[in-house]
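# A structural walkthrough
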Amino acid sequence: MHNKTLIELSKSLHNREFSSVELTQHFLDRIRQYDQTLNSFITVTEEIALAQAKAADKKLASGKAGPLTGIPLAQKDIFCTKGVRTSCASLMLDNFISPYDATVVEKINDAGMVMLGKTNMDEFAMGSSNETSYYGAVKNPWNTDHVPGGSSGGSAAAVAARLTPVATGTDTGGSIRQPAALCGITGIKPTYGTVSRYGMIAFASSLDQGGPMARSAEDAALMLNLMTGFDERDSTSIEREKEDYTRSLDNSLKGLKVGLPKEYFSEDLNADIAGVIEGAIKEIEKLGATIKEISLPNTRLSIPAYYVIAPAECSSNLSRMDGVRFGYRCKDPKDLYDLYARSRGEAFGDEVTRRILIGTYALSAGYYDAYYLKAQKIRRLISNDFKNVFNEVDVIIGPTSPTVAFRLGEKSKDNDPVSMYLADIYTISVNLAGLPGMSIPVGQVEGLPVGLQLIGNYFQEAKLLNVAHQFQQVTDWHQKSPEGF
Ligand code: GLN
């Protein structure tokens, strides 16, 4: 059962080959069996899952079921789930039971999907390795000495190990695409404003965007159909007509113009990965696309700009965690200042603290113009780079990550955050520009998956999914699963 795609699961459930309760129990058993090793879940919601599965079976029996009714999924623990702990992988929210559902959760529940639990992540989604979680690191199922990537590493590992058919993720600078690449799955971050941020705990509000993490482009398209749509409760949600993201999956790639950014193939890129990516590009060429070298000259400025903007926004967003309104409170505070300072000091991990400090500094009077404003100007230059290129090509293609999954501790041990930050060198500019980006598995290096990144113009998700699906029709990297799971 756990190797079936969403379409196959849907067919089996509708034909009553097995019930949603049986399917849900199967995944709960797998989580029990394998998650001791992987640590991909923070909370397993067994009771809720079985109750939702029962309700789904009723719907299926009455003929009122939708395409994904009764199919289990896992929610990244950044999405608020009513009555269930929503921790954002932080001690700060370890005791936070959300009183409401995020819009994404609401939409998924309304479709009759079954929530298996909440997945592990980097604390407040800050990280690229899933090692900053208060609940401990997640292991990569392809090699458990290696990281799964971050921040949606729990979702990526759980999907890769078949502990759930599909999961949600969020991507502020690469957190859907990079872990998808490192775990050999398919993930898409849609255009900023496409998926509601209501109830998605904010990290950097102008960059955060939710999306699906799945095993194939087709599965991701089905999930996007559920997750997207205008939401008046999110002031940055974009009002546009609902689209069917599966509509062009089967289109031919003949005449598709693909751009390869020369900045993405510099010496930072591991040579073996470069070889795998070149192979994937040849495959896409065989499918009828024409390839052209392009340039995104400001790519190298994306990390410095991001590490001003994201910390600035997070320092503001996380100020609500003050030990008063909700979340962690220190013991026996001497006075109000002590309450704030110790609650925050004790409950935030090192990376979150570092970002709050940087962000507060960058936003302070006298430095605002020098840092935040400057970074926003660079952001515009980066967007303009993409704008120019999309006059010439339909899709941009390149590596998702400069390396395969690195060893646990490799980049976190020397307290050298910059080496971790560089893991997102190919993904961050996409968030700064607000564009859709996707990662699909296209090969392996030493038994670890390699991801290909596809970047599209605004609202071109269907085009990315089309390219990815066509690639997946002639290759089987997306069907490979890690041994032992
Ligand atoms: N790794 C990046 C960071 O640490 C991006 C994280 C994300 O996309 N949430 O900020």
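Everything in this summary refers to the structure shown in the same document. On a predicted model such as this, the values are computed, not experimentally measured, just so you know.

## Notes on the overall build of the protein
- The helix and strand tally for the protein stands at 15 helices and 11 strands.
- In terms of overall size, the protein behaves like a compact globule, its C-alpha atoms giving a radius of gyration of 21 Å where 485 residues would be expected to give roughly 23 Å.
- In terms of principal-axis extent, the alpha carbons of the protein reach across some 65 × 55 × 45 Å.
- Long-range contacts, defined here as pairs at least 24 residues apart, represent 76% of the contacts in the protein between residues at least 6 apart.
- Total accessible area on the protein is roughly 18,400 Å²; 50% of this is exposed by carbon and sulfur atoms.
- For the protein, the centre of its 50 positive side-chain charges and the centre of its 57 negative side-chain charges are spaced 3 Å apart.

## Some thoughts on a nonpolar patch on the surface
- Judged by side-chain polarity, Val324, Leu336 and Tyr340 come together as a nonpolar surface patch covering roughly 260 Å² of accessible area.
- Within the fold, leucine 336 resides in helix H10 (residues 336–347).

## A closer look at the packing of helix H4 (residues 103–110) against helix H7 (residues 217–227)
- Interhelical geometry of H4 versus H7 gives an angle of 110 degrees and a closest axis separation of 8 Å. One way to sum up the angle between H4 and H7 is to call them roughly perpendicular. For the pair H4 and H7, contact is made by Val104, Lys107 and Ile108 and by Met223, Leu226 and Met227, respectively.
- The residue makeup of the contact of H4 with H7, split by class, is five nonpolar, no polar and one charged.

## Structural notes on the packing of aromatic side chains
- The tally for this structure, following the rule as stated, stands at 13 aromatic pairs.
- A centroid spacing of 4.7 Å and a plane angle of 75 degrees characterise the contact between tyrosine 306 and tyrosine 307, whose relative ring orientation is edge-to-face. Pair check on accessibility: tyrosine 306 and tyrosine 307 agree, each one buried.
- Between tyrosine 361 and tyrosine 371, the ring centres sit 6.0 Å apart and the planes meet at 50 degrees, which makes this aromatic pair tilted. Taken as a pair, tyrosine 361 in helix H11 (residues 350–363) and tyrosine 371 in helix H12 (residues 369–389) lie far apart in primary sequence, 10 residues in all.
- A connected cluster of aromatic rings, assembled from ring pairs, spans Tyr306, Tyr307 and Tyr421.
- Here the guanidinium or amino end of lysine 411 rests over the ring plane of phenylalanine 406, the centre of that ring lying 4.9 Å away.
- When the ring centre of tryptophan 477 is taken as origin, the NZ or CZ atom of lysine 480, which lies over that ring, is 5.0 Å away.

## A few points about the nonpolar core
- The biggest cluster of nonpolar side chains holds 145 residues, and the ones touching the most others in it are Phe124, Phe386, Leu454 and Leu465.
- Broken down by element, this core gets its largest block of residues, nine residues, from helix H9 (residues 302–317).
- Setting aside chain neighbours within four positions, we find leucine 454 in contact with Val395, Ile396, Ile397, Pro436, Gly437, Met438, Ile440, Leu464, Val467 and Ala468.

## Description of the pattern of salt bridges
- Under the definition given, this model contains 19 salt bridges.
- With a shortest N-O distance of 3.7 Å, arginine 197 and aspartate 234 are connected by a salt bridge. One end of the pair, arginine 197, is in the loop between strand S5 (186–189) and strand S6 (209–214); the other, aspartate 234, is in the loop between H7 and strand S7 (257–261), and 37 residues separate them in sequence.
- For aspartate 234, a relative accessible area of 5% corresponds to the buried category.
- Linking arginine 247 and glutamate 243 is a salt bridge whose minimum nitrogen-to-oxygen distance equals 2.8 Å.
- The exposure class assigned to glutamate 243 is buried, which follows from its relative accessible area of 15%.
- Salt bridges here are not isolated pairs; linked through shared partners, they connect Asp29, Arg32 and Glu46.

## Here's the deal with the pairing of strand S3 (residues 114–119)
- Counting buried positions along S3 gives six out of six residues, so the element sits mostly inside the fold.
- Where strand S1 (residues 41–44) lies against S3, three bridges are found, and the strand directions are antiparallel. What sits directly across from phenylalanine 41, in S3, is threonine 119.
- With five bridges joining them, strand S2 (residues 72–76) and S3 adopt parallel strand pairing. The partner of lysine 76 across the bridge, within S3, is threonine 119.
- Handedness of the β-α-β unit built from S2, H4 and S3 comes out right-handed.

## Considerations on helix H5 (residues 153–160)
- Where burial is concerned, most of H5 is hidden: eight out of the eight residues are buried.
- Of the residues making up H5, those classed as buried are Gly153, Gly154, Ser155, Ala156, Ala157, Ala158, Val159 and Ala160.
- Immediately downstream of H5, the backbone of arginine 162 shows phi near 60 degrees, a positive value.

## What about the site of the ligand?
- Residues in contact with the ligand amount to 15 residues; listed here are only the nearest, Thr172, Gly173, Ser175, Tyr306 and Asp424.
- Here an oxygen atom of the ligand and a side-chain polar atom of serine 175 are 2.7 Å apart.
- In the model, an oxygen atom of the ligand is placed 3.3 Å from a nitrogen or oxygen of the tyrosine 307 side chain.
- A total of 290 Å² of accessible area belongs to the ligand in isolation, and the protein chains cover 100% of it.
- For the shell around the ligand, a count of residues per class yields five nonpolar, seven polar and three charged.

Calculation rules
- Residues numbered from 1 in each chain as written.
- Predicted model: local features only at pLDDT ≥ 70, side-chain atom pairs only at ≥ 80, totals over all residues.
- Heavy atoms only, no water.
- Helix = DSSP H or I, 4+ residues; strand = E, 2+ residues; numbered from the N terminus.
- Rg over C-alpha atoms; globule rule 2.2 N^0.38 Å.
- Contact = heavy atoms within 4.5 Å.
- Areas by Shrake-Rupley, 256 points an atom, 1.4 Å probe, with all protein chains shown as cover.
- Lys, Arg positive; Asp, Glu negative; His and termini not counted.
- Charge placed at Lys NZ, Arg CZ, Asp CG, Glu CD.
- Patch = residues over 30% accessible without salt bridge, like charges linked within 9 Å, V, L, I, M, F, W, Y side chains within 5 Å.
- Salt bridge = Lys/Arg side-chain N within 4 Å of Asp/Glu carboxyl O.
- Axes fitted to C-alpha atoms, helices over the stretch in contact; angles between N-to-C directions.
- Parallel < 35°, antiparallel > 145°, perpendicular 65-115°, else oblique.
- Nonpolar A, V, L, I, M, F, W, Y, C, P; charged D, E, K, R; others polar.
- Phe/Tyr/Trp six-rings, centres within 6.5 Å; stacked < 30°, edge-to-face > 60°.
- Buried < 20%, exposed > 50% of the residue type's maximum accessible area, 1.4 Å probe, protein only.
- Lys NZ or Arg CZ within 6 Å of the ring centre and 35° of its normal.
- Core = buried A, V, L, I, M, F, W, Y, C linked by side-chain atoms within 4.5 Å.
- Pairing = 2+ DSSP bridges.
- Right-handed = clockwise from strand over helix to strand, strands pointing away.
- Near = heavy atom within 4 Å.
- Polar contact = N/O pair within 3.5 Å; in protein donor to acceptor, adjacent residues only side chain to side chain.

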